[in-house]
Amino acid sequence: MLAKSVRNKFAEHELICTDVEELDITDLDAVLNAVNKISPNYIINCAAYTAVDKAEDNYELASKINGIGVKNLAIASNSVGAVLIHISTDYVFSGNLDLNKEYVETDETNPVTVYGRTKLEGEMEIKKNTDKYYIFRTAWLYGDGNNFVRTMLKLGSNKEEINVVSDQYGSPTNADDLANIIKQAIDKKIPYGTYHTTNLGFTNWYEFTKKIFEIANISCKVNPVTTEKYIEMMNIKQAKRPKNSKLSKEKILSQGIEIPTWEDGLKRYLNIELNKD
Ligand SMILES: NC(=O)c1ccc[n+]([C@@H]2O[C@H](COP(=O)([O-])OP(=O)(O)OC[C@H]3O[C@@H](n4cnc5c(N)ncnc54)[C@H](OP(=O)(O)O)[C@@H]3O)[C@@H](O)[C@H]2O)c1
């Protein structure tokens, strides 16, 4: 999903994109060969194992992609002096932080899911294997691919009412806006390190859904439910979701990077999404 936004954002640059068939990041020799051949200035890693619930029973595969794969990219970046740009997640935190507080980059990580653990492994491998890196932690991403907004648009058009969780807080993030943050970070040559990069402002999934329906003019009723109630009603087993995914953007904003609000990001996304053929 993010890869498509990055590809569009960097269309005017000399950009070489690969997918898993062309380059499996878990294969160190293949990664070294590809990187040595191209000798890029920047490597933007959008690849990951992102199935949060499935990861609970697939630690080895998730760790291979999110940990070892990222280690391979860090080793290869370092070998040619390239800057590694990597995307991480709010799931590196427990999500148990007081709801009136926001996570800052230096807060202690403490993932409570397999996905979060493996994404943290990736962050640690980068720090061990190269100095020239950006780790951009994001959250609640939507773009050109399966995502929450598309799911809600579909549900809202087919149902009269739906139940949506109202006790998890974060920042919905337009993948195009994240790609633009990456571009600005490169252009401005901000200091290497870890940054929290979501759209600005915070909401919960219930309010987010109401805003989607309001903009899209969908009349479906939205009922707020707690996470516990939702799991019970849907009779599902899922990985623990963070209650607090609020990432402070103070550090990245202090570098002069411009970031739109989540409402603005959503309006632009829906404008494209609702006007497709
Ligand atoms: N989506 C979110 O809400 C969210 C939130 C926070 C952070 N993030 C992070 O943001 C980044 C982008 O997420 P996304 O939602 O755009 O992910 P995505 O749509 O799931 O894309 C991940 C891509 O990685 C590819 N991939 C998997 N294993 C690979 C391998 N061994 N070698 C090469 N490519 C491989 C996948 O290919 P296949 O499809 O063929 O498997 C897929 O195209 C990820 O790092 C994710 O952890 C996402």
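Before reading on, note that the structure itself is shown above.
Calculation notes
- Residues numbered from 1 in each chain as written.
- Predicted model: local features only at pLDDT ≥ 70, side-chain atom pairs only at ≥ 80, totals over all residues.
- Helix = DSSP H or I, 4+ residues; strand = E, 2+ residues; numbered from the N terminus.
- Rg over C-alpha atoms; globule rule 2.2 N^0.38 Å.
- Buried ≥ 20, exposed ≤ 12 C-beta atoms within 10 Å, placed from the backbone.
- Contact = placed C-beta atoms within 7 Å.
- Core = buried A, V, L, I, M, F, W, Y, C linked by C-beta atoms within 7 Å.
- Expected span 1.5 Å × (residues − 1).
- Arc of directions from axis to C-beta.
- Near = placed C-beta within 6 Å.
- Nonpolar A, V, L, I, M, F, W, Y, C, P; charged D, E, K, R; others polar.
- Pairing = 2+ DSSP bridges.
- Axes fitted to C-alpha atoms, helices over the stretch in contact; angles between N-to-C directions.

Turning our attention to the overall build of the protein chain. The helix and strand inventory of the protein chain stands at 11 helices and 10 strands. By the compact-globule yardstick of 19 Å for 277 residues, the protein chain fits well, its C-alpha radius of gyration being 19 Å. Seen along its three principal axes, the alpha-carbon backbone of the protein chain occupies a region of about 55 × 40 × 40 Å. Looking at the protein chain residue by residue over its 277 residues, the buried ones come to 42%. In the protein chain, of all internal contacts separated by at least 6 residues, the share reaching a separation of at least 24 is 86%.

Here we take up the environment of tryptophan 140. On the secondary structure map, tryptophan 140 appears in the loop between strand E3 (133-138) and strand E4 (141-142). The class of tryptophan 140 is buried, set by 24 C-beta atoms lying within 10 Å. Expressed as a C-alpha distance, the spacing of tryptophan 140 and aspartate 277, which sit 137 residues apart in the sequence, is 26 Å. Not counting residues within four places of it along the chain, the set of residues in contact with tryptophan 140 comprises Gly170, Ser171, Pro172, Thr173, Thr198 and Ser245.

Okay, the nonpolar core next. Membership of the largest hydrophobic core comes to 62 residues, with the highest contact counts inside it found for Leu73, Leu84 and Ile182. When residues no more than four places from it in sequence are discounted, the contact partners of leucine 73 are Ile25, Val31, Ile43, Asn45 and Leu84.

What follows covers helix H11 (residues 262-273). Over its 12 residues, H11 runs 16 Å from end to end, which matches the ideal 16 Å to within 8%, given 1.5 Å per residue. The complete set of buried residues in H11 reads Trp262, Gly265, Leu266 and Tyr269. The buried residues of H11 all sit within an arc of 95° when viewed along its axis, so they share a single face. Buried-residue contacts for H11 involve E4, helix H6 (148-158), strand E7 (173-174), helix H7 (175-188), strand E9 (203-204) and helix H8 (205-216).

Turning our eyes to something else, we now look at unusual backbone geometry. Across the chain, the bulk of peptide bonds are trans and the bulk of non-glycine residues have phi less than zero. Positive phi outside glycine occurs at tryptophan 140, with the angle close to 45°. Located in the positive-phi region is asparagine 235, a residue other than glycine, with phi close to 55°. For asparagine 235, the position within the fold is in the loop between helix H9 (227-234) and helix H10 (250-253). For asparagine 235, a count of 6 C-beta atoms within 10 Å gives the class exposed.

Taken together, 20 residues lie around the ligand, and Met1, Leu2, Ala47, Ala48 and Leu141 are the ones closest in. When contributions to the shell around the ligand are tallied by element, the ones reaching two or more residues are helix H4 (59-80) and strand E2 (83-89). Residue classes in the shell around the ligand are distributed as 12 nonpolar, 6 polar and 2 charged.

So, about the sheet that holds strand E8 (residues 193-196). Ordered in space as E1-E2-E3-E8, the 4 strands form an open sheet in which the pairing is parallel. In this open sheet, the two edge strands, each paired with only one partner strand, are strand E1 (42-45) and E8. On average, each strand axis in the sheet is inclined to that of its neighbour by 20°, with strand direction left out of account. Direction of pairing for E1 relative to E2: parallel, over a ladder of 4 bridges.

So, on to the environment of leucine 2. Secondary-structure assignment places leucine 2 in helix H1 (residues 2-9). When the C-alpha atoms of leucine 2 and alanine 139 are compared, they prove to be 12 Å apart, with 137 residues separating the residues in sequence. With residues up to four places along the chain from it excluded, the contact list for leucine 2 reads Cys46, Ile87, Leu141, Gly143, Ala175 and Leu178.

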